[in-house]
Amino acid sequence: MTATLPGLLQPWGIALFAAIAIIAYAVAYLWHRADRHRPAIHLDVLALAFLALMTGGFFWRVLTESGIMMPTGGGDIAALYFPTYSYAAAEIKAGSLPLWNPHIFSGMPLAADVQSGLFYPVNWILFLFVKIEYGALEWLLIFHYWLASAFTYLFLRDLKLGRPAALVGGIVFGFCGFMTAHFGHLPMILVASWIPATLLAFRRAYFAPSFGGWVWSIVAGVCIAMSFLAGHAQVFSYGLMAAGLLWLYLLFSAKPLTLRGALPWVAKGATAIVVFAGLCALQLLPSVELSAQSVRSSISYEEAGAFAAQPITLLNLFLPRVYGSNPSNYSPSDWQSTENWAYCGVVALALAAAGLLMRKNRMVGFFAILSALALLIMVGDLTILGAWFYKFLPGFSSLRSTGRALIMLGLGLSGLAAYGMDGLVASLQGQGRERRHAFGWLIGLSAAVGIAFFFVMPLFFSNLLQLNGAQYSRLPFAVNDLGMLIIWLGLLAAIGWAAYRGRITVPVASGAIVMLVVFDLFSPNSQFNPTTTDLLSGYKNFSAYSLVYKFSRDPVTEIPLRVDSDADAQDVWQPNTAMLVSADSDTKLYDTGGAFNPLKLRRYDYLWDTAKHSPDSPLYDLTGARYRVLAPSTVMTNTAKWRLAEKYTGFNIYENQNAIPRLYLVHDARIIPEGFNTVEAVRRFNVDPKHSVILESGTAVESTLPGTAENPQTPSGSPPSGESVVASRYSAQEVVIDVNATAPGWVVLTDAWYPGWEATIDGRSVPLEIAYHAYRAVRVDAGAHTITMQFRPVSWTWGSLISLLSLLAVLAALAILVILPWSAMRRETRTRRTS
């Protein structure tokens, strides 16, 4: 039974959420009322409910208006994650764990791709119980925006900050520039939401007494594991960097720092890492294996520094729309709005300044260092620090887009703003020196408003004096943003002065400032993503899918040929269409390409990148691409090979009449160890792939016997050669092939080779050879045989076993660490009663 999540927006759904909030508040209040010495967690429940309400307010358009989708342009959520989640859910509901995906890039691992989020526990609610529609992924994201703000709130409360201050921090991090701009990068948001939870658990592990500290170190490991399994290695790395910084900060804050005193904290940190590694082994080991085989196995320093946040783009920390208000109107066009949208609110910046001024707390130093570190990493090759990270930190040589360190800046500013809010409240309520702190900050804030007004007025009048509609670049946007900066900071100063003079109470001022942070941050950021464009239009070419499915089927080998959508019509035919169509219906499509994926297989990517630029070569025919999807302006001129099969709105489909079956038998073998020479030999017509297989090792065999692709059999009769090769079973993770050979040869399957694939002939294990640099081949003797290829990666087998044992160990350890103190407390209570 599956549910459609957007239906929860109906009145009954809203009533359900309200009922849950009321029940949670009532239970927490009764627990507190039973013993007034207990913390007033009912007020924290109320704060978390407020954050949920604000999350709904931020996403008001997509939640309340029909025809509104997110994000503008679709991003990776439409092109990559929607079809991936749909396919994974379909396979899981059918009773199969999708370790391999045969539908794009001629096959590639799915579970090993951490971006799939296949082992992230929250995703399994969708995989098992929810119909995967685009709206379901929007709901998943919206929930994690609330989760990010809620975890930040709880972390700041654990730092002994007041509820208004913790609310400010939760709002700033949950809806900061990074979180806003990367809505389309679904796993980034999921990973980021667990960063403050990890920091909370680490700090609790440091300060909790006795057994409690070890419990929290295990919880920290679980939080790190959840962050990793959510599916984005780079954001996970930055989150781990923040946790490592906190760990070091707490280590060196001990007075005095001794080896004996440091050992327990070192052991707790090691415990968290061991728990994380153990729980994530089922994802970690396959992902490491895939990374070594992918195009991301090594990238240059220049690639690693791509999309760095140039300092000039940080102007939008103050003027959010100065370069554009969303990805569709961002200027200059060579900047990435998603990588440079930094706005955290000018009110938050003012409060962060107050935090540095008023709060003499060591955790202020942590947030300040975190913010500074983020700024140094974000600018890429403008600092040597980025180069050192690339060269010397494990894993960072495979990460690009250093601008994404913006996530650490958002977290750092949220902590500083929270401390500023707490310091301001304490100063307004205090006497003497504390009051002078508030006075000095208010004077500085008022001066900032005055200076901003001094700058905005000349710009305003110069904008009015434009003649004949002439435009001065981004001047009008700068004027508007400067005007809003004056309004927001002016209101903050007014609230502060009113509280300072006793015109309003401090609690009223606190509530007003919290709402001012909301208004300031939400005003530009909530408008970044919503669009009225149908982001799924590229998946709605149903008649074209039927055509490709019907005529791509090979009636002899029983394995369909492929479609090539990796050309110039991807705006109307989404590149991962084959996955989505295969998940939602009995129509099974297979594509030579797919949506951009940094983990696509290196061997195949090289072959395909060469083939698609030489569509008239036998190398292209070898890929099994029978149909090519092209924009109407592109015409295939080789009419002897290409036939215009059908015209559609926005694209045409051409048939490749020379496409080679994906499964065939040859008797001639060439040995070429170097992949470049292999690909070039086929591309330049030096080797006929229908007649000869190219292997990387072994002994060459010359034969004049034709291959089955040269002289193919027909469905109605026996082939002239008496040979046949047919797939009696073709599924994602198993291929069963019946072959009848008159002489020794090689059965070739043009599916991507990968280490986890194993082969047997008549039940006997045989080597699975690499053919044509990227495909699979099995050597057979004369006669009738059954070949079975199965995907059984050793990394998955060992990883799943380690994760299972680790989960059992974690549960046992938590049970022991909780039960022992409870038993001791019971014994102490019994002793007191006896005495």
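Residues numbered from 1 in each chain as written. Predicted model: local features only at pLDDT ≥ 70, side-chain atom pairs only at ≥ 80, totals over all residues. Heavy atoms only, no water.

*Asks:* When you look at the overall build of the protein in this model, what are you seeing that I'm missing?
*Replies:* Within the protein one finds 29 helices and 17 strands. Relative to its length of 835 residues, the protein is compact, with a C-alpha radius of gyration of 31 Å against a globular reference of 28 Å. Considering only C-alpha atoms, the protein reaches an extent of 100 × 90 × 55 Å along its principal axes. Taking all 835 residues of the protein together, the buried fraction comes to 56%. A sequence separation of at least 24 residues applies to 76% of the contacts in the protein between residues at least 6 apart. With the model as given, the accessible surface of the protein reaches about 34700 Å², and the carbon-plus-sulfur share is 63%. Each charge class in the protein can be summarised by its mean position, and for the 57 positive and 51 negative side chains these summaries are 17 Å apart. (Helix = DSSP H or I, 4+ residues; strand = E, 2+ residues; numbered from the N terminus. Rg over C-alpha atoms; globule rule 2.2 N^0.38 Å. Buried < 20%, exposed > 50% of the residue type's maximum accessible area, 1.4 Å probe, protein only. Contact = heavy atoms within 4.5 Å. Areas by Shrake-Rupley, 256 points an atom, 1.4 Å probe, with all protein chains shown as cover. Lys, Arg positive; Asp, Glu negative; His and termini not counted. Charge placed at Lys NZ, Arg CZ, Asp CG, Glu CD.)

*Asks:* How should the packing of aromatic side chains be read in this particular structure?
*Replies:* Where two aromatic rings form a pair, the distance of their centres and the angle of their planes describe that pair. For the structure on display, the rule yields 43 aromatic pairs. With a centroid separation of 4.9 Å and 70° between ring planes, the pair formed by Phe59 and Tyr145 is classed as edge-to-face. Highlighted residues: Phe59 in the loop between helix 2 (41-58) and helix 3 (60-64) and Tyr145 in helix 6 (residues 134-158), separated in sequence by 86 residues. Their ring planes at 65° and their centres at 5.1 Å tell us that Phe366 and Phe367 sit as a pair that is edge-to-face. Both residues of the pair, Phe366 and Phe367, count as buried. The residue whose ring lies beneath Lys268 is Trp214, and the NZ or CZ to ring-centre distance is 5.7 Å. Note that Arg662 overlies the ring of Tyr590, its terminal NZ or CZ placed 4.9 Å from the centroid. (Phe/Tyr/Trp six-rings, centres within 6.5 Å; stacked < 30°, edge-to-face > 60°. Lys NZ or Arg CZ within 6 Å of the ring centre and 35° of its normal.)

*Asks:* How should I be thinking about the sheet that holds strand 6 (residues 651-656) in this particular structure?
*Replies:* Adjacent strands of a sheet pair through backbone hydrogen bonds, lying either parallel or antiparallel. Read from one edge to the other, the open sheet built from four strands follows the order 3-4-6-5, with strand pairing classed as mixed. Each edge of the sheet is formed by a strand with only one pairing partner; in this case those strands are strand 3 (562-564) and strand 5 (642-648). For this sheet the average axis-to-axis angle between neighbouring strands, irrespective of direction, equals 25°. With four bridges joining them, strand 4 (residues 625-630) and strand 6 adopt antiparallel strand pairing. Following the sheet pairing, Arg628 is matched in strand 6 by Tyr654. Set on the sheet, helix 24 (residues 542-552) makes contact with strand 3, strand 4, strand 5 and strand 6; between it and strand 4 the angle comes to about 160°. (Pairing = 2+ DSSP bridges. Axes fitted to C-alpha atoms, helices over the stretch in contact; angles between N-to-C directions.)

*Asks:* I would appreciate a short explanation of unusual backbone geometry in the present structure.
*Replies:* Backbone phi values are negative for most residues with the exception of glycine, while trans is the configuration of most peptide bonds. A cis amide bond links Met70 with the next residue in sequence, Pro71, at an omega value of -5°. For Pro71, the position within the fold is in the loop between helix 3 and helix 4 (75-93). Of note, Phe685 is a non-glycine position whose phi angle comes to about 70°, a positive value. Tracing the backbone shows Phe685 in the loop between helix 28 (675-683) and strand 9 (692-695). Overall, Phe685 belongs to the exposed group, its relative accessible area being 59%. With phi around 55°, Tyr772 is a residue other than glycine that occupies positive phi space. With respect to the helices, strands and loops of the structure, Tyr772 is situated in the loop between strand 15 (769-771) and strand 16 (775-780). Among the residues examined, Tyr772 registers a relative accessible area of 1% and is labelled buried.

*Asks:* So what exactly am I meant to see when it comes to a nonpolar patch on the surface here?
*Replies:* On the surface, a cluster of nonpolar side chains totalling about 750 Å² of accessible area is made up of Leu285, Val794, Trp798, Leu801, Ile802, Leu804, Leu805 and Leu808. Its location among the elements puts Leu808 in helix 29 (residues 794-834). (Patch = residues over 30% accessible without salt bridge, like charges linked within 9 Å, V, L, I, M, F, W, Y side chains within 5 Å. Salt bridge = Lys/Arg side-chain N within 4 Å of Asp/Glu carboxyl O.)

*Asks:* I would appreciate a short explanation of the nonpolar core in the present structure.
*Replies:* Side chains of nonpolar character tend, in soluble globular proteins, to be buried together. Judged by nonpolar contacts, the single largest core of 276 residues is most densely connected at Phe59, Met408, Trp441, Ile653, Val693, Tyr772 and Met789. Examining the composition of this core, we find that 15 residues originate from one element, helix 6, more than from any other. With residues near it in sequence (within four places) discarded, Tyr772 still touches Leu607, Leu622, Tyr664, Thr678, Val682, Pro689, Ser692, Val693, Ile694 and Val748. (Core = buried A, V, L, I, M, F, W, Y, C linked by side-chain atoms within 4.5 Å.)

*Asks:* Explain the environment of Gly169 to me, please; I cannot follow it from the model alone.
*Replies:* The topology assignment puts Gly169 in helix 7 (residues 163-174). Residue classification places Gly169 among the buried positions, given a relative accessible area of 0%. It is 33 Å that separates the C-alpha atoms of Gly169 and Phe392, two residues lying 223 residues apart in sequence. What Gly169 contacts, discounting residues up to four positions off in sequence, is Thr152, Leu156, Ser414 and Ala418.

*Asks:* Before we go on, may I ask you to explain helix 13 (residues 259-279) in this structure?
*Replies:* Over its 21 residues, helix 13 runs 30 Å from end to end, which matches the ideal 30 Å to within 8%, given 1.5 Å per residue. All of the buried residues along helix 13 are Ala262, Trp265, Lys268, Gly269, Ala272, Val275, Phe276, Gly278 and Leu279. (Expected span 1.5 Å × (residues − 1).)

*Asks:* I tried to follow the state of the cysteines on my own but got confused; where do I start?
*Replies:* Among covalent bonds in proteins, the disulfide is the one between the sulfur atoms of two cysteines. For the coordinates displayed, the defined rule picks out zero disulfides. Just so you know, Cys223 is unpaired, no disulfide at all, and the nearest cysteine sulfur is the one on Cys280, 11 Å from it. Under the relative-accessibility criterion, Cys223 is labelled buried at 8%. On the basis of relative accessible area, Cys280 is assigned to the buried category, the value being 0%. (Disulfide = S-S within 2.5 Å.)

*Asks:* Explanation requested: the sheet that holds strand 17 (residues 783-791) in the structure shown.
*Replies:* If you trace the five strands from one edge of the open sheet to the other, you get 10-11-17-13-14, paired in antiparallel fashion. At either end of the open sheet lies a strand with only one pairing partner, and these are strand 10 (724-730) and strand 14 (764-766). For this sheet the average axis-to-axis angle between neighbouring strands, irrespective of direction, equals 25°. In this structure, strand 11 (residues 734-741) lies alongside strand 17, joined through eight bridges in antiparallel fashion. When the sheet's bridge partners are listed, Glu734 is paired in strand 17 with Gln790.

*Asks:* Sorry, what's going on with the packing of helix 4 against helix 6 here?
*Replies:* A pair of packed helices can be characterised by two numbers: the angle between their axes and the separation between those axes. Two numbers describe how helix 4 lies on helix 6: the axes approach to 10 Å, and their chain directions differ by 100°. It follows that helix 4 is roughly perpendicular to helix 6 by the angle criterion. Judged by residue contacts, Ile77, Ala78, Tyr81, Phe82 and Tyr85 of helix 4 engage Tyr134, Leu137, Leu140 and Leu141 from helix 6. Grouping the constituent residues of the contact of helix 4 with helix 6 by class yields nine nonpolar, no polar and no charged. (Parallel < 35°, antiparallel > 145°, perpendicular 65-115°, else oblique. Nonpolar A, V, L, I, M, F, W, Y, C, P; charged D, E, K, R; others polar.)

*Asks:* What is the right way to look at the side chain of Ser526 in this model?
*Replies:* Looking at the element boundaries, Ser526 is found in the loop between helix 23 (506-525) and helix 24. Of the polar contacts made by the side chain of Ser526, one reaches the backbone oxygen of Phe522; its length is 2.6 Å. (Polar contact = N/O pair within 3.5 Å; in protein donor to acceptor, adjacent residues only side chain to side chain.)

*Asks:* Can you walk me through the pattern of salt bridges in this structure?
*Replies:* Here the idea is simple: oppositely charged side chains can pair when their charged atoms come close. Evaluation of the coordinates by the stated rule reveals 24 salt bridges. When the shortest N-O distance is used, the salt bridge between Arg157 and Asp44 registers 3.0 Å. Taken together, the residues span a long stretch of sequence, with Arg157 in helix 6 and Asp44 in helix 2 at a distance of 113 residues. Judged by relative accessible area, which is 24%, Arg157 ranks as partly exposed. Across the pair Asp605 and Lys600 runs a salt bridge whose closest N-O atoms are separated by 3.2 Å. Owing to a relative accessible area of 21%, Asp605 belongs among the partly exposed residues under this scheme. Here the residues in one salt-bridge network are Asp44, Arg157 and Arg163, joined through shared partners.

*Asks:* Is there a simple way to think about the side chain of Glu655 in this case?
*Replies:* Structurally, the position occupied by Glu655 is in strand 6. Here Glu655 falls in the buried class, since its relative accessible area comes to 8%. Those residues in contact with Glu655 that lie beyond four places of it in its chain are Arg626, Tyr627, Lys641, Trp642, Arg643 and Ala645.

*Asks:* When you look at the packing of helix 2 against helix 6 in this model, what are you seeing that I'm missing?
*Replies:* Close contact between helix 2 and helix 6 brings their axes to 9 Å; oriented N to C, the two are set at 145°. In this structure, helix 2 meets helix 6 at a crossing whose hand is right-handed. Residue-level contacts link Asp44, Ala47, Leu48, Leu51, Ala52 and Thr55 of helix 2 to Ile142, Tyr145, Trp146, Ser149, Ala150, Tyr153 and Arg157 of helix 6. Along the lines of polarity and charge, the residues of the contact of helix 2 with helix 6 split into nine nonpolar, two polar and two charged. (Left-handed = near helix turned anticlockwise from the far one by under 90°.)

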